[in-house]
Amino acid sequence: MLETYDFERDDRFTQIFDLTFDLSVHDMLLAWSIGACLVVPDDSSSFAMSRFIRDKKPTVWFSVPSVPALMNRMRLLKPDTFPSLRLSFFCGEALMAGDARAWKFAAPNSSLINLYGPTEATIAISGYSLPGDETKWKTALGIVSVGKVFDGNKYLILRENPSDARGELCLCGNQVVEKYLDNEEADKQSFFTDADDMERYYKTGDMVSVDEQGDLFYLGRKDSEVKISGYRVNLKEVENVLLESETVTQAVVVYHDSSMSLLAFLVLSEIPPGDALQKLTEYCQSRLPWYMVPGKFIFVKEIPLNDNGKIDRKQLLKKYDEGN
Amino acid sequence: MMKEIEIRNQVMALIHDKLARLSVKESELGYPFDLVKSGLLNSLEFVDLVASLEKENDREIDFEKELATGAFTTLGGLIKAFSS
């Protein structure tokens, strides 16, 4: 990182991650390794971030993309709100182009860098610097590219068929762990030795594609892919299309085994009008191939989360089955 | 006062399922109850709640201003923001 980005001793790095999150180490070590300042908010909730940036005037920002996403929804990313920022890093989740654009709007003096790195290849193993000209931003499914793998590491893409454009990203190199601690079963599932270069690779479970320049594109988790009528469907792709509709604020798409169809659980920004189902179906039909159009749209007040704060798809399916 | 009661009822209707799942009674929620710090709602859910209230009351909240009060995420703060 120090070789790639022009950090300076006068820089002020943010540190807004919980200390149990590996990304927190990034800020602390980078700042202290060059004698720069580390600024830490009293309240690390997303609500407090806008004021924190204005008060503490950091020059280097690092957060998960949900922070700008939430600030964007709260209309806090107004033009030139954060002029102090000159470098903004995002990592840990998919960075949506719309949120990146809103951030650039609020921090016009900042370069934006999208980082990627599973815990097994911590902290970041690839990165993409978004060009100043937004029209040149590389995206897929509305998600900003995660760029090229850093020197000292390499990757391969495990494809089901050689002609597939997408496949599972596998990583190898000096940043990748050798094994899990005392867990041979997990090692067998997640690591393999490639027959071509005889190197040991880690299977990330992340689906990616790559363009001609070698920039990688995150397309969702491997377990978010299902097959419908022989077609491979990425549930994330359907969710992203639904989220682009005017009325949908949250969308979770799951595959329903017994009906062999997709169910879309939606939170709307308004009480569903009488023709909501028809409009959503027509909208999806205009944007997606037939096999990706959900068989049912279910309006819910909220999306349930499990104890880890992640979307509870099992509960959604259970509720749906109980009601039918 | 009428407006405050109306907003409280709207909030309760919107978080009803959440309260039921956590076995929290509506009557137990006083104005100082913090909807986020209590763990009842996460940040995203709170913003969704505000968006729903904005829709129902046909008005837009200035988050910056309300957050500066330090009480916006409490039941009382939320009601005050929409009834003032």
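Here's what I pulled together on the structure shown here.

Conventions we followed
- Residues numbered from 1 in each chain as written.
- Chains lettered and ligands numbered in written order.
- Predicted model: local features only at pLDDT ≥ 70, side-chain atom pairs only at ≥ 80, totals over all residues.
- Heavy atoms only, no water.
- Axes fitted to C-alpha atoms, helices over the stretch in contact; angles between N-to-C directions.
- Helix = DSSP H or I, 4+ residues; strand = E, 2+ residues; numbered from the N terminus.
- Parallel < 35°, antiparallel > 145°, perpendicular 65-115°, else oblique.
- Contact = heavy atoms within 4.5 Å.
- Nonpolar A, V, L, I, M, F, W, Y, C, P; charged D, E, K, R; others polar.
- Core = buried A, V, L, I, M, F, W, Y, C linked by side-chain atoms within 4.5 Å.
- Buried < 20%, exposed > 50% of the residue type's maximum accessible area, 1.4 Å probe, protein only.
- Pairing = 2+ DSSP bridges.
- Buried area = accessible area lost by both parts, 1.4 Å probe.
- Salt bridge = Lys/Arg side-chain N within 4 Å of Asp/Glu carboxyl O.
- Polar contact = N/O pair within 3.5 Å; in protein donor to acceptor, adjacent residues only side chain to side chain.
- Patch = residues over 30% accessible without salt bridge, like charges linked within 9 Å, V, L, I, M, F, W, Y side chains within 5 Å.
- Areas by Shrake-Rupley, 256 points an atom, 1.4 Å probe, with all protein chains shown as cover.

Overview of the packing of helix α3 (residues 66–73) of chain A against helix α4 (residues 97–106) of chain A
Packed helices, taken two at a time, are described by their axes: the angle between them and the distance between them.
All names here are of chain A.
Part 1: Two elements in contact, α3 and α4, have axes whose closest approach is 9 Å; the angle formed by their N-to-C orientations is 75°. As far as their axial angle goes, α4 and α3 are roughly perpendicular. Facing Pro68, Ala69, Met71 and Asn72 of α3, the residues of α4 in contact are Gly98, Asp99, Ala102 and Trp103.
Part 2: Here the residues of the contact of α3 with α4 sort into 5 nonpolar, 2 polar and 1 charged.

Re the nonpolar core
Part 1: Core analysis: the largest hydrophobic core is formed by 71 residues, its most contacted members being Trp61(A), Trp103(A), Ile15(B), Phe46(B) and Leu78(B).
Part 2: Contact partners of Phe46(B), with chain neighbours within four places excluded, come to Phe47(A), Leu35(B), Val36(B), Leu41(B), Phe72(B), Thr73(B) and Leu78(B).
Part 3: Core analysis: the next-biggest nonpolar cluster, separate from the first, contains 23 residues, Leu268(A), Leu280(A), Cys284(A) and Met292(A) among them.

Quick look at the side chain of Asp48(B)
Part 1: Relative to the assigned elements, Asp48(B) resides in helix α2 (residues 43–57).
Part 2: Each residue touching Asp48(B), except ones within four places of it in the same chain, is listed here: Arg73(A) and Gln250(A).

Focus on the sheet that holds strand β19 (residues 296–299) of chain A
All names here are of chain A.
Part 1: Spatially, 3 strands are ordered β17-β18-β19 in an open sheet, and the strand pairing comes out mixed. Whereas interior strands pair on both sides, the edge strands pair on one side only; in this sheet they are β17 (248–256) and β19. Between one strand and the next, the sheet's axes are offset by a mean angle of 25°, whatever the strand orientation.
Part 2: One ladder, built from 8 bridges, connects β17 with strand β18 (residues 261–268); its direction is antiparallel. Along β18, the bridge assignment pairs valine 252 with phenylalanine 265.
Part 3: Running over the sheet, helix α8 (residues 313–322) touches β17, β18 and β19 and is turned about 75° from β17.

Some thoughts on the interface of chain A and chain B
Part 1: The interface is formed by 18 residues belonging to chain A together with 21 residues belonging to chain B.
Part 2: For chain A, the biggest contributors to the area lost against chain B are Phe47(A), Arg75(A) and Glu302(A); these three give 33% of the whole.
Part 3: Where chain A packs against chain B, one counts 4 salt bridges.
Part 4: Across the pair Glu64(B) and Arg54(A) runs a salt bridge, and its minimum N-O distance is 3.1 Å.
Part 5: Along the contact surface separating chain A from chain B lie 6 residue pairs in polar contact (both at pLDDT 80 or more).
Part 6: When contributions to the side of chain A that touches chain B are tallied by element, the ones reaching two or more residues are α2 (49–56), α3 and α8 of chain A.
Part 7: Looking at the side of chain A that touches chain B element by element, the count peaks at 3 residues for α2(A).
Part 8: Residues that form the side of chain A that touches chain B fall into these classes: 6 nonpolar, 4 polar and 8 charged.

A few points about a nonpolar patch on the surface
Part 1: On the surface, a cluster of nonpolar side chains totalling about 320 Å² of accessible area is made up of Val25(A), Leu29(A) and Trp32(A).
Part 2: Structurally, Trp32(A) is set in helix α1 (residues 23–33).

Side note on the environment of Arg8(B)
Residue and element names in this part refer to chain B.
Part 1: Inspection of the secondary structure puts arginine 8 in helix α1 (residues 2–21).
Part 2: Along the sequence, arginine 8 and phenylalanine 82 sit 74 residues apart, while their C-alpha atoms lie 9.7 Å from each other.
Part 3: The residues touching arginine 8, leaving out its near neighbours within four places in the chain, are Glu26, Leu29, Tyr31, Leu75 and Ile79.
Part 4: A polar atom in the side chain of arginine 8 sits 3.2 Å from the backbone oxygen of glutamate 26.

Structural notes on helix α6 (residues 235–243) of chain A
Part 1: All of the buried residues along α6(A) are Leu235(A), Val238(A), Glu239(A), Asn240(A), Val241(A) and Leu242(A).
Part 2: The N-cap residue of α6(A) is Asn234(A): its side-chain oxygen and the backbone nitrogen of Lys236(A) are 2.8 Å apart.

Some thoughts on the pairing of strand β16 (residues 231–234) of chain A
The side chains of a regular strand alternate, first on one face of the sheet and then on the other.
Residue and element names in this part refer to chain A.
Part 1: Pairing analysis gives 4 bridges linking strand β15 (residues 225–228) to β16, with the strands arranged antiparallel. Across the sheet, residue glutamate 225 finds its bridge partner in β16, namely asparagine 234.
Part 2: Hairpin connection between β15 and β16: a loop of 2 residues separates the two successive antiparallel strands, and serine 229 in this loop has a positive phi of roughly 50°.

Remarks on the side chain of Thr73(B)
Part 1: As for its position among the elements, Thr73(B) is in the loop between α3 (63–68) and α4 (75–83).
Part 2: Look at Thr73(B) and you get buried, because its relative accessible area is 10%.
Part 3: Beyond its immediate sequence surroundings of up to four residues, Thr73(B) is in contact with Phe47(A), Phe33(B), Asp34(B), Leu35(B), Val36(B) and Phe46(B).

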